[in-house]
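Per-entry structural report
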Amino acid sequence: MSSAKANIGVVGLAVMGSNLARNLASREGNSVAVYNRTGSKTDELVAEHPEAGFVPSKTVAEFAASLEQPRTAIIMVQAGAATNAVIDQLVAEFEPGDIIVDGGNALFTDTIRREAAVRETGIHFVGCGISGGEEGALNGPSLMPGGTVESYETLGPILRSIAALADDGEPCVTHIGTDGAGHFVKMVHNGIEYADMQLIGEAYDLIRRGTGKTPAEIAEIFAAWNTTELESYLIEITAEVLRQVDAETGSPLVDVILDAAGAKGTGAWTVQSALNLGVPSTGIAEATFARSLSSQLGQRAQAKGLPGPEAAAVDDADAFIEDVRLALYASKIIAYSQGFDIIVAGAEEHGWNIDKGEVAKIWRAGCIIRARFLERITEAYAEQPDLVALVLAPFFTDAVAGGQDAWRRVVQYAAGSGIPAPAFSSTLAYYDGLRADRLPAALVQGQRDFFGAHTYRRVDREGSFHTEWSGDR
Ligand code: ATR
């Protein structure tokens, strides 16, 4: 064991962990202790990256001893049982004032529970969302730490040194809030990512079936869109994916890929949280269900012959493509607005003081939903910190209003042509629901009172009311 002490440690040296350790080591002033359950992985990392000057350990006790006090260690192991096991091992070796960071994709309720348990020992526990995949971990992720303000005093400068930098040079990290706030916001980030990806998928499908353009041609459309307000990493990679040709068959790769979308669960967690909080985040929910539907291969095979219209070619391809672009932008605004509603409701439920503008700011670089668009969200919250919904900020209200005719034409075309557009249409229905003067919820309340005496409120006076419904017809 080296006698040099490290100022930060990483436990778990699989892809994400080793990349994060290398990122940390590349920053001036850091000396990085590394430990992995299987020692050969540690040896490999140290041998492959002599420039990093890692301080390796073979046991957790050695690892703890190799860290300067108060110690700071980032856990990068699988969420769930592995994370629990490593926390227990570190708690046994660490002392009050030390900081344990979980950089995995933990469910925020696990983080809340773990933080409370570890706090009893006097050790700080920080759940930190890390977005940006393996490339982000190595070169600069977007970081969403929770935990105490006190722990962030030590951790903040280290995280700032490794985070992605936005165009204005600001590191993409902020203290999100206490205990599970960081993992909660990371979860919602992933939910929004699901919605954004689904909307882009629907736009592609509509253009392809409505105009007959090839994937390579549609790639150029997305590349052009990437110079508009839609500019984002996801639009950029969509063009790349659509351009790709399968080496084996010579077909567009997108036609060779099985159309069954996978999911690791963070979209479902977001939707479950939204349901628990009573937040109508229809865009994220439909995106998550669309992945489920795509994976029901048995049902889909049987359902293939069900009747429905054939997609009719549109009359004016260029006008239709512009409509789809505007529809995508309007739907995206709604999906993001709904995502921020989940953050607001979660913050209220758990007592977190989350700065929504800061959240949008740290998503501008490093993460999958990075986009210039996020600056507009930061500006909206800066102008109106008590904004009740993002879509009500003047900039977004105008953007949706400007695109809504196109959006309605696209949803009409999709429905009339039998092309599924669940995210486009559910966000439009949400928008119309939100702006409606009256909703049929009044009738639902009447029904509830009829069969269950659940009572209702009236429009003309306070109180709760029950009608003695007559059984006579
Ligand atoms: P990634 O997504 O970055 O590839 P992961 O699958 O999330 O990685 O996590 C794998 C890491 O968790 C590995 O470092 C693994 O250690 P081993 O190399 O020894 O398998 C670590 N890990 C999994 N279960 C663990 C446990 N119970 N205790 C300690 N580390 C564990």
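The name given to the protein in an unreviewed UniProt entry is 6-phosphogluconate dehydrogenase, decarboxylating, with Agrococcus casei LMG 22410 as the source organism. Under the UniProt heading Subunit (unreviewed entry), the entry covering the protein gives this text: "Homodimer."

**Overview of the overall build of the protein**
Regarding its fold elements, the protein presents 20 helices and seven strands. Rg of the C-alpha trace for the protein: 25 Å, near the compact-globule value of 23 Å for 473 residues, within the 12% margin. The principal-axis extent of the C-alpha atoms belonging to the protein is close to 85 × 65 × 45 Å. A fraction of 68% describes how many contacts in the protein between residues 6 or more apart in sequence connect residues 24 or more apart. Computed over 37 positive and 62 negative side-chain charges, the inter-centroid distance for the protein is 3 Å.

**Comments concerning helix H2 (residues 39-48)**
Gly39, Thr42 and Leu45 are the residues of H2 that are buried. Looking straight down H2, one finds its buried side chains confined to an arc of 125°; they lie on one side. Exposed and oriented more than 90 degrees from the buried face of H2 are Ala47 and Glu48.

**As for the side chain of Ser142**
By the secondary structure assignment, Ser142 is in strand E7 (residues 142-145). Only 2.5 Å separates the side chain of Ser142 from the backbone oxygen of Ile362, close enough to count as a polar contact. The residues contacting Ser142, other than those within four sequence positions of it, are Gly129, Ile130, Ser131, Cys172, Ile362, Trp363, Ala365, Gly366 and Cys367.

**Considering unusual backbone geometry**
The amide bond that connects Gln69 to the next residue, Pro70, takes the cis arrangement and shows omega of -10°. Tracing the chain through its elements places Pro70 in the loop between helix H3 (60-65) and strand E4 (72-75). Here Ala453, not a glycine, exhibits a phi torsion of approximately 50°, which is positive. When you line up the elements, Ala453 lands in the segment after helix H20 (441-452). Even without being glycine, Thr455 reaches a positive phi, approximately 70°.

**Thoughts on the site of the ligand**
In the vicinity of the ligand lie 13 residues, with Met16, Asn36, Arg37, Thr38 and Lys41 positioned nearest. At 3.4 Å, a backbone N or O of Leu13 approaches an oxygen atom of the ligand. For the ligand, an oxygen atom lies 2.5 Å from a polar atom in the side chain of Thr38. Taking a 2 Å distance to the grid points as the criterion, the majority of the atoms of the ligand fall inside the second largest pocket. Going through the elements one at a time, helix H1 (15-25) and helix H4 (81-93) are the ones with two or more residues in the shell around the ligand. A class-by-class count of the residues in the shell around the ligand yields seven nonpolar, four polar and two charged.

**Quick notes on the packing of helix H13 (residues 282-295) against helix H19 (residues 422-435)**
Put simply, H13 and H19 touch, their axes get as near as 8 Å, and they point 155° apart. With respect to H19, the axis of H13 lies roughly antiparallel. Regarding H13 and H19, the two cross each other, and that crossing is right-handed. For the pair H13 and H19, contact is made by Thr282, Gly283, Glu286 and Ala290 and by Pro422, Ala423, Ser426, Thr427 and Tyr430, respectively. Broken down by class, the residue content of the contact of H13 with H19 amounts to four nonpolar, four polar and one charged.

**Let's talk about the nonpolar core**
The biggest cluster of nonpolar side chains holds 89 residues, and the ones touching the most others in it are Phe222, Trp225, Trp363, Ile377 and Phe424. In terms of residue count, the dominant contributor to this core is helix H15 (residues 317-350) (16 residues). Here Trp363 is in contact with Ser142, Met144, Val185, His189, Ile192, Phe340, Ile343, Ile369, Arg370, Ala371 and Leu374, once residues within four sequence places are set aside. One finds Leu24, Val34, Phe54 and Cys128 within the second-largest nonpolar core, a separate group that totals 28 residues.

**Focus: the layout of surface pockets**
Approximately 380 Å³ is the volume found for the second largest pocket. Lining the second largest pocket we find 16 residues, and of these Asn36, Arg37, Val77, Gln78 and Ala82 sit closest to its centre. It is H4 that provides the largest number of residues to the lining of the second largest pocket, a total of four residues. When its residues are assigned to classes, the lining of the second largest pocket shows nine nonpolar, five polar and two charged.

Thresholds applied
- Position numbers for residues count from 1 along each chain, tracking the sequence in the order it is written.
- Local features are withheld for residues below a pLDDT of 70 in this predicted model, meaning they are given only at 70 or higher, and side-chain atom pairs are given and counted only at 80 or more; totals for whole chains, interfaces and linings count all residues.
- The basis for the side-chain values is all heavy atoms of the structure; hydrogens and waters are excluded.
- UniProt positions are given in the numbering used here, feature names are shortened, and annotations may be inferred rather than shown by experiment.
- Starting at the N terminus, helices and strands are each numbered in turn, a helix being any DSSP run of H or I of at least four residues and a strand any DSSP run of E of at least two.
- We compute the radius of gyration over the C-alpha atoms and compare it with the globule rule, which gives 2.2 Å times the number of residues raised to the power 0.38.
- Two residues form a contact once any of their heavy atoms are found within 4.5 Å.
- We count Lys and Arg on the positive side and Asp and Glu on the negative side, and we leave His and both chain ends out.
- We put the charge of a Lys on NZ, of an Arg on CZ, of an Asp on CG and of a Glu on CD.
- Each residue's exposure class comes from its accessible area (1.4 Å probe, protein chains only) as a fraction of the maximum for that residue type: buried when under 20%, exposed when over 50%, partly exposed otherwise.
- As used here, the arc is the angular range of directions from the helix axis to the C-beta atoms.
- Here a polar contact is taken to be a pair of N or O atoms separated by no more than 3.5 Å, where protein atoms must pair a possible hydrogen donor with a possible acceptor and residues adjacent in sequence count only if both atoms sit in side chains.
- Consider each residue's heavy atoms; a residue with any of them within 4 Å of a molecule or strand counts as near.
- Here a cavity is any set of points on a 1 Å grid over the protein atoms alone where a 1.4 Å probe fits but cannot get out, and a pocket is any open set with protein on both sides within 12 Å along at least 5 of 7 lines; a residue lines the site when it has an atom within 4 Å of a point.
- Here the criterion for a molecule occupying a pocket or cavity is that more than half of its atoms lie within 2 Å of the pocket grid points.
- Under the convention adopted here, Pro, Cys and the residues Ala, Val, Leu, Ile, Met, Phe, Trp and Tyr are nonpolar, Asp, Glu, Lys and Arg are charged, and Gly plus all remaining residues are polar.
- Whenever a helix is involved, its axis is fitted only over the stretch in contact; in every case the axis is a line through C-alpha atoms, and angles between N-to-C directions fall within 0 to 180 degrees.
- When describing relative orientation, an angle under 35 degrees is termed roughly parallel and one over 145 degrees roughly antiparallel, while 65 to 115 degrees is termed roughly perpendicular and anything else oblique.
- The hand of a helix crossing depends on one turn: near helix anticlockwise from the far one by less than a right angle means left-handed, and clockwise means right-handed.
- The definition of a nonpolar core used throughout is a set of buried Ala, Val, Leu, Ile, Met, Phe, Trp, Tyr and Cys residues joined through side-chain atoms within 4.5 Å.
- Grid points are joined across faces, edges and corners, and a volume is the space filled by probe spheres set on the points.

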